[in-house]
Amino acid sequence: MTAAWDDLAARHRGSEPAVAPAPGGTDAVDALRAYTVMVRAARPFRVGTRFRALPDVRFLVEGGRIRTPGDLLPGPQDDTAERYASRLDARTGGKGRLLAVEQPLVLDHVLWAQVRDLVAPLWERIGHPVLPVVAELALGEGITDSDGLRREPAHSSLVWVLHGSVTVLPEHPQDGRALTAGTGELLHWPAGRPHALRYGSRTLALRLLVPADARLLTEAAKDVVAGLLHERRGHDHVPCLPYPPADEEDGVSEIPELGEVARDLRQVTGEERLGRILRVLWARRVSAGALEPAPAPRASVTLAPEDRLRPASPVVRMPLDEEQAWVWAVDGHAFSLRGTLGERVLHLLRQPGAHTVAELCAEAGPGRQAQVAALLNKLHTLRGVDVVGRTDTA
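Under an unreviewed UniProt entry, the name given to the chain is Cupin 2 conserved barrel domain-containing protein, and the source organism is Streptomyces canarius.

Next comes the structure, spelled out in structure tokens:
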């Protein structure tokens, strides 16, 4: 297993195409659960097209994309991928088609966590992506797809074939030869090489797009700065100004409104707050394995003193400033905490065995039990801890 991840990391760093046995094995991702999530994502698209929505659903045939596929999408009667495929065979005469769902993992924490655990060994070797990774589930049947993200050279691709086969068809001969991955194999295709994907019969695949083009990083930083600038300036309207301006001299005209925006821009980029926001985003991204958007936290409950806790999802901690303020992130969600009490609680939780809420609160000392209880409730909501024996929360 370690050797497989080491080889994949080396090929990823070297921008080499590769097909290899999938690290993690064929059961690392629950194929039935993946299909069920696709059905759930498709449900609102059966009644009409949705724009700028995640998850996004695409349905393609050899002639192109069907914008309003209706009941060509899976529904309640299609309880397995095979039954759905058989229904479409009868409906379309066995012609090629593809159902692709972008960012489906946000709908199901269990599947999301499986994929995060799957890629964690790779991130440990090559570093955690600074920008979000795009996840896609694809259910294909004898079709070549050159639509959308498949031709996007700004990302490298990691394709886990859960069933069937996927073939990469390079657009340019100099980008390498065609590669095919079958059931239980992983296909890596480097960034900067436009391509199409050929799906074999009854194919189910998970594809991750890892950002590689530096322009994407510029856009991400610009979005953060733009948000701060908009917050500072409020909702002012864009002015319409007379030309030439009344105070124009020597042929030089100033636009004070743009000058004010430029001055505010210099201020927000020089503020410590920008650095703190970027650190929070980074902590959230590391805790999510770069799989964003992350699923919502589970419903909040109040833990009882006798509840026995054990660690669940990893907790990522990062200093926020020089005054003992830390950002804690779990499963793509973050909160801030001051002092060292939280670190002590986390250390105790990581000791062998389960610990009751009362025991953990007692370790805090007199007068601080309420703080510990609040922290434990927060960690439970974000899935940083689980209650032993409790099955009423996902």
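Engineer: Is there a simple way to explain helix α5 (residues 214-233) in this structure?
Structural biologist: An α-helical turn contains 3.6 residues, so any two residues separated by three or four positions project in the same direction. The end-to-end C-alpha distance of α5 is 29 Å, a good match for the 28 Å that 20 residues give at a rise of 1.5 Å each. Taken together, the buried positions of α5 are occupied by Val224, Val225, Leu228 and Leu229. The buried residues of α5 all sit within an arc of 135° when viewed along its axis, so they share a single face. Residues Arg215, Asp223 and Glu231 are exposed on α5 and point more than 90 degrees away from its buried face. Buried residues along α5 sit in contact with α6 (256-269) and α7 (272-287). Gly234 sits one or two positions beyond α5 and adopts a positive phi of about 75°.

Engineer: Just to check I follow, could you spell out the sheet that holds strand β12 (residues 203-211) for this structure?
Structural biologist: Strand pairing in a sheet takes place through backbone hydrogen bonds and is either antiparallel or parallel in direction. Strand order across the open sheet formed by 8 strands is β1-β10-β7-β12-β5-β4-β2-β3, with antiparallel pairing between neighbours. Either end of the sheet is taken by a strand with one partner, and the two such strands are β1 (18-21) and β3 (64-65). Its contacts with the sheet place helix α4 (residues 109-126) against β5 (134-141), β7 (155-163) and β12, and it is angled at close to 55° to β12.

Engineer: Which parts of the structure should I look at to understand the nonpolar core?
Structural biologist: One broad rule of soluble globular proteins: the nonpolar side chains tend to lie buried together. Grouped together as the largest cluster of nonpolar side chains are 46 residues, with contacts concentrated most on Leu99, Leu158, Trp160, Leu206 and Leu208. Of the residues forming this core, the biggest block, 8 residues, is contributed by α4. In terms of nonpolar packing, the next biggest core, distinct from the first, is built from 21 residues, Leu309, Cys361, Leu375 and Leu382 among them.

Engineer: What is the right way to read the side chain of His188 from this model?
Structural biologist: Within the secondary structure, His188 is located in strand β10 (residues 185-189). Judged by relative accessible area, which is 1%, His188 ranks as buried. A polar contact is formed between the side chain of His188 and the backbone oxygen of Glu16, at a distance of 2.8 Å. Those residues in contact with His188, other than ones at most four positions away along the chain, are Leu8, Arg11, His12, Glu16, Pro17, Ala18, Ser156, Ser157 and Leu158.

Engineer: Hey, could you run me through the sheet that holds strand β14 (residues 316-319) in this one?
Structural biologist: Read across the open sheet, the 3 strands follow the order β14-β15-β16; overall the sheet is antiparallel. Looking at strand neighbours, the two that pair on one side only are β14 and β16 (333-338), the edges of this open sheet. Across the sheet, the axes of successive neighbouring strands diverge by a mean angle of 25°, strand direction being ignored. Looking at chain direction, β14 and strand β15 (residues 325-330) are connected through 4 bridges and run antiparallel. Bridge pairing in β15 places Arg317 opposite Trp328. Against the sheet, helix α8 (residues 341-349) contacts β14, β15 and β16, and its axis sits at roughly 35° relative to β15. Sheet contacts for helix α10 (residues 369-381): β15 and β16; angle to β16, the most-contacted strand, approximately 165°.

Engineer: Explain the packing of aromatic side chains to me, please; I cannot follow it from the model alone.
Structural biologist: Taken as a whole and assessed by the stated rule, the structure comprises 2 aromatic pairs. The interplanar angle of 35° and the centroid separation of 6.4 Å between the aromatic rings of Tyr35 and Tyr84 together place this pair among those described as tilted. Of this pair, Tyr35 sits in helix α2 (residues 31-42) while Tyr84 is found in helix α3 (residues 81-92), placing the two residues 49 residues apart along the sequence. Judged by centre distance (5.9 Å) and plane angle (40°), the ring pair of Trp328 and Phe335 falls under tilted. Phe335 carries the same exposure label as Trp328, and that label is buried. Over the face of the ring belonging to Trp326 we find Arg317, whose NZ or CZ atom lies 4.2 Å from the ring centre.

Engineer: I keep staring at the packing of α8 against α10 and nothing clicks. Help me out?
Structural biologist: Relative to each other, α8 and α10 sit at 60°, their axes nearing to 11 Å. The pairing of α8 with α10 is recorded here as oblique in orientation. Relative to α10, the crossing made by α8 is right-handed. Between α8 and α10, the residues in contact are Leu341, Gly342, Val345 and Leu349 and Gln371, Val372, Leu375, Leu376 and Leu379, respectively.

Scoring rules and cut-offs
Residues numbered from 1 in each chain as written. Predicted model: local features only at pLDDT ≥ 70, side-chain atom pairs only at ≥ 80, totals over all residues. Heavy atoms only, no water. Helix = DSSP H or I, 4+ residues; strand = E, 2+ residues; numbered from the N terminus. Expected span 1.5 Å × (residues − 1). Buried < 20%, exposed > 50% of the residue type's maximum accessible area, 1.4 Å probe, protein only. Arc of directions from axis to C-beta. Contact = heavy atoms within 4.5 Å. Pairing = 2+ DSSP bridges. Axes fitted to C-alpha atoms, helices over the stretch in contact; angles between N-to-C directions. Core = buried A, V, L, I, M, F, W, Y, C linked by side-chain atoms within 4.5 Å. Polar contact = N/O pair within 3.5 Å; in protein donor to acceptor, adjacent residues only side chain to side chain. Phe/Tyr/Trp six-rings, centres within 6.5 Å; stacked < 30°, edge-to-face > 60°. Lys NZ or Arg CZ within 6 Å of the ring centre and 35° of its normal. Parallel < 35°, antiparallel > 145°, perpendicular 65-115°, else oblique. Left-handed = near helix turned anticlockwise from the far one by under 90°.

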